[in-house]
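Here is what each chain is made of, one letter per residue.
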Amino acid sequence: MAKDRLIIFDTTLRDGEQSPGASMTRDEKVRIAKMLEKMGVDVIEAGFAIASIGDFESVRAVAETVQNSIVCSLARTGAEDIDRAAEALKPAAAGRIHTFIATSPIHMEYKLRMAPDNVLERAVAAVKHARNLIGDVEFSCEDASRSEYDFMCRIIEQVINAGARTINLPDTVGYGEPGEYGAMVARIMNGVPNADKAIFSVHCHNDLGLAVANSLSAVMHGARQVECTINGLGERAGNASLEELVMAIRTRSDIFPVEVSVDATQIVPTSRLVSSITGFPVQPNKAIVGANAFAHESGIHQDGVLKYRETYEIMRAEDVGWNANKLVLGKHSGRAAFKARLADLGITLDNQAALNLAFTRFKELADKKHEIFDEDLQALMNDVQPDDLELRYSYVALEAVSRSGFKPRADIQLLIDGQAQQAAAEGDGPVDAAFKAVELLVNSGANLLLYSVNAITEGTDSQGEVQVRLEKNGSIVNGNGADTDIIVASVKAYLDALNLLDAGVLKAHPQHEGV
Ligand code: KIV
Ligand code: ZN
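Residues numbered from 1 in each chain as written. Chains lettered and ligands numbered in written order. Predicted model: local features only at pLDDT ≥ 70, side-chain atom pairs only at ≥ 80, totals over all residues. Heavy atoms only, no water.

Under an unreviewed UniProt entry, the name given to the chain is 2-isopropylmalate synthase, and the source organism is Zhongshania antarctica.

Structure (structure tokens):
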């Protein structure tokens, strides 16, 4: 018997971006969206159009670029939100408005301060309004897992009558338990008289580490859309991870009554891209995309795998794209090969100046590091991609000295508002000294929340990828930098974060502001 299709709805660019510090620029979102499209994701939630001008432009840019996936924007139930989403989605080949309102007693009473009947009226009006603007409308009962059954059935029946074609039942606070959550989905699908007119969707958060289990249980009980993110990125503990859902359904096709149409070999490259853009490293033991996910350390395991792979492996590393980080380019590679490889990674440079700059940086890197992998190119392009940000601070040069018995010292040269400036400082290590020298020039008043370094590829000539998270007046930003010299990478990451703070993009948060 033919299986149902499970719709993969990726929300890395919207809920994923709600992770503190994971904000992405428009161009970064477009790069990720292109990879998601290449992977064959069905729906890409590109952002929350009314949140800021930047979000609006990101949704619009993704809508202009993506041809083969539905592009979606989140909107609260107010007409202004919905109009903004529709406007941003105008260029989309296929667009969707995803509108939501909280339906749990606790959210209605304390957050919305609205009576259930008003919430219902508002939901129906929002869906009708959205349907006048676009054919594809999704409605979410925020905090569905803590909402009352009768009320949800009532609101869902009416929003379907108003034109919603997808009904999403989020486990907003990650409270659900697989048996209970799956049963809730089945009960609602049975209790809503016009349920057959809509696709039921789930959106699970990972506060108890159950997001994937809850989503899969819902699939067993009738859900035919799962909302998920690459690397499980998302608000607080994150969302259900796309790679785990897809591979669970593929690997246990003997159990799941659905099939997914994504190209799983794009999973690892996309995971790497999201990690490098957001600066959120992937833990080594993370399923599917962690560095150790397919590494067999113990002698017994290695012996077994060599004799017969399936003794210890339930999936093949190459099926999820682990071999994709092959050596791609070297010192002698030409411009055409460089451009073609970027295109394979979903990166197109729209003007000659950007290509020239990228190629020069590539040659500089190839001089230092003989083998250039895809991950190196991704990191390099994080520096080169044109943005709307007017960069206030940029790196010129540094000299760091670290000698046993002496205090480490860094001398640094920056361009600040186009002016060359120089400072020197001592610190507890060369990175500390370099950051202190930057602060002597910048005096930012920001708090350093996180500093982390990861080797991008193997070997001691690997580029170090540094993430710096800064906080100032409640705004949190992540800066990233990569270089074969990790002190240079650190300073680049610090300046990246300062530039983001300086851009001061203020965003509305969809779930923290009532309606
Ligand atoms: O977690 C949630 O409830 C959401 C909704 C806005 C869909 O992200
Ligand atoms: Zn969410």
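## Brief notes about the coordination of the zinc ion (ligand 2)
Threshold: Here a donor is any nitrogen, oxygen or sulfur atom (N, O, S) within 2.8 Å of the metal, with 3.2 Å used for Na, K and Ca; water is not among the atoms considered, so some sites may look incomplete. A run of H or I in DSSP becomes a helix once it reaches four residues, and a run of E becomes a strand once it reaches two; helices and strands are each numbered from the N terminus. Under the scheme applied here, a residue whose accessible area is under 20% of the maximum for its type counts as buried, over 50% as exposed, and between as partly exposed, the area being computed with a 1.4 Å probe on protein chains only.
Within the protein, Asp15 (OD), His203 (NE2) and His205 (NE2) serve as the donor atoms for the zinc ion (ligand 2), at 2.0 to 2.1 Å. On the primary sequence, the residues serving as donors to the zinc ion (ligand 2) are separated as D-x187-H-x1-H. Of this pair, Asp15 sits in the loop between strand S2 (7–10) and helix H1 (26–39) while His205 sits in the loop between strand S8 (199–204) and helix H8 (211–220); the two residues are 190 residues apart in sequence, bridging distant segments of the chain. Asp15 gets classed as buried once you look at its relative accessible area, which sits at 1%.

## A word on the UniProt feature "domain: Pyruvate carboxyltransferase" (unreviewed entry) in the chain
Filter applied, for reference: UniProt positions are given in the numbering used here, feature names are shortened, and annotations may be inferred rather than shown by experiment.
UniProt records the feature "domain: Pyruvate carboxyltransferase" (unreviewed entry) at residues 6–268, using the numbering of this structure. Along residues 6–268 the backbone is 43% helical and 18% strand, and the end-to-end C-alpha distance reaches 21 Å.

## Some words on the sheet that holds strand S16 (residues 447–455)
Formally: Criterion used throughout: strands pair if DSSP finds at least two bridges between them. Inter-axis angles, ranging from 0 to 180 degrees, are taken between N-to-C directions of lines fitted to C-alpha atoms, where helices are fitted over the stretch in contact.
Pairing is antiparallel in the open sheet, where three strands are placed in the order S16-S17-S18. If you trace the sheet from one side to the other, it starts and ends with S16 and strand S18 (475–483), each paired once. Each strand of the sheet is rotated relative to its neighbour by a mean of 15°, with strand direction disregarded. By the bridge criterion, nine bridges tie strand S17 (residues 464–472) to S18 in an arrangement that is antiparallel. Bridge assignment links Val466 to a residue of S18, and that residue is Gly481.

## Some points on the UniProt feature "binding site: Mn(2+)" (unreviewed entry) in the chain
Filter applied, for reference: Note on contacts: a residue pair is in contact if any heavy atoms of the two residues lie within 4.5 Å.
In this structure's numbering, the residues bearing the UniProt feature "binding site: Mn(2+)" (unreviewed entry) are Asp15, His203, His205 and Asn239. Of the residues just listed, which span 225 residues, no C-alpha pair is farther apart than 10.2 Å, and they cluster in one region. If we skip the residues at most four places from it in the chain, Asp15 touches His203, His205, Gly234, Glu235 and Asn239. For His205, a relative accessible area of 2% gives the class buried. The residues contacting His205, other than those within four sequence positions of it, are Asp15, Asp171, Thr172, Gly174, Ala211, Glu235, Arg236, Gly238 and Asn239.

## A few points about the site of ligand 1
To keep it simple, the criterion reads: Only heavy atoms are used to decide nearness, and a residue is near a molecule or strand if one of them lies within 4 Å of it. N or O atoms within 3.5 Å of each other form a polar contact, as long as, within protein, one can give a hydrogen and the other can take it, and as long as residues adjacent in sequence are counted only when both atoms are side-chain atoms. Accessibility throughout is a Shrake-Rupley quantity obtained with a 1.4 Å probe, and a residue counts as covered only by protein chains that appear here.
Around ligand 1, the neighbouring residues are Arg14, Asp15, His98, Phe100, Ser140, Glu142, Pro170, Thr172, His203, His205 and Gln511. Between ligand 1 and the protein, one listed contact pairs an oxygen atom with a side-chain N or O atom of Arg14 at 3.0 Å. Contacts to ligand 1 include Asp15, whose side-chain N or O atom sits 3.0 Å from an oxygen atom. Isolated, ligand 1 exposes 260 Å² of accessible area, and the fraction of that covered by the protein chains is 100%.

## As for the side chain of Thr270
As for its placement among the helices and strands, Thr270 is situated in helix H10 (residues 267–278). For Thr270, a relative accessible area of 0% puts it in the buried group. Beyond its immediate chain neighbours, meaning those up to four positions away, Thr270 contacts Met35, Leu36, Met39 and Ile230.

## As for the pairing of strand S3 (residues 43–48)
Using the following cut-off: A crossover gets the label right-handed when its path from the first strand over the helix to the second runs clockwise, viewed with the strands pointing away from the viewer.
Most of S3 is tucked away: six of the six residues are buried. Of the pairings in the sheet, the one linking S2 to S3 comprises two bridges and is parallel in character. The residue of S3 that forms the bridge with Phe9 is Val43. What joins S2 to S3 is H1, and the crossover it makes is right-handed. In this structure, S3 lies alongside strand S4 (residues 70–75), joined through five bridges in parallel fashion. Bridge assignment links Glu45 to a residue of S4, and that residue is Cys72.

## Thoughts on the packing of aromatic side chains
Let me state the cut-off plainly: Ring pairs shown here join Phe, Tyr and Trp side chains whose ring centres sit within 6.5 Å, with only the six-membered ring taken for Trp; geometry is labelled stacked below 30 degrees between planes, edge-to-face above 60, and tilted in between. Placement of a positive charge over a ring is assigned whenever Lys NZ or Arg CZ falls within 6 Å of the ring centre and within 35 degrees of the normal to the ring plane.
Going through the model one piece at a time under the given rule, you end up with five aromatic pairs. Taken together, the aromatic side chains of Phe338, Phe359 and Phe362 make up a single cluster linked through ring pairs. Taking NZ or CZ as reference, Arg84 lies 3.8 Å from the ring centre of Phe56, over its face. Its end group placed over the ring of Tyr149, Arg187 keeps NZ or CZ at 3.6 Å from the ring centre.

## Some words on helix H4 (residues 105–112)
Note the threshold: Working definition: the arc comes from the directions between the helix axis and the C-beta atoms, pointing outward to the latter.
All of the buried residues along H4 are His107, Met108 and Leu112. The arc enclosing the buried residues of H4, seen along the axis, measures out at 100°, which places them on a common side. Its buried side turned inward, H4 meets strand S5 (95–102), helix H5 (116–133), strand S6 (137–142) and helix H6 (149–162). The positive-phi residue at the C-terminal boundary of H4 is Arg113, with phi of around 55°.

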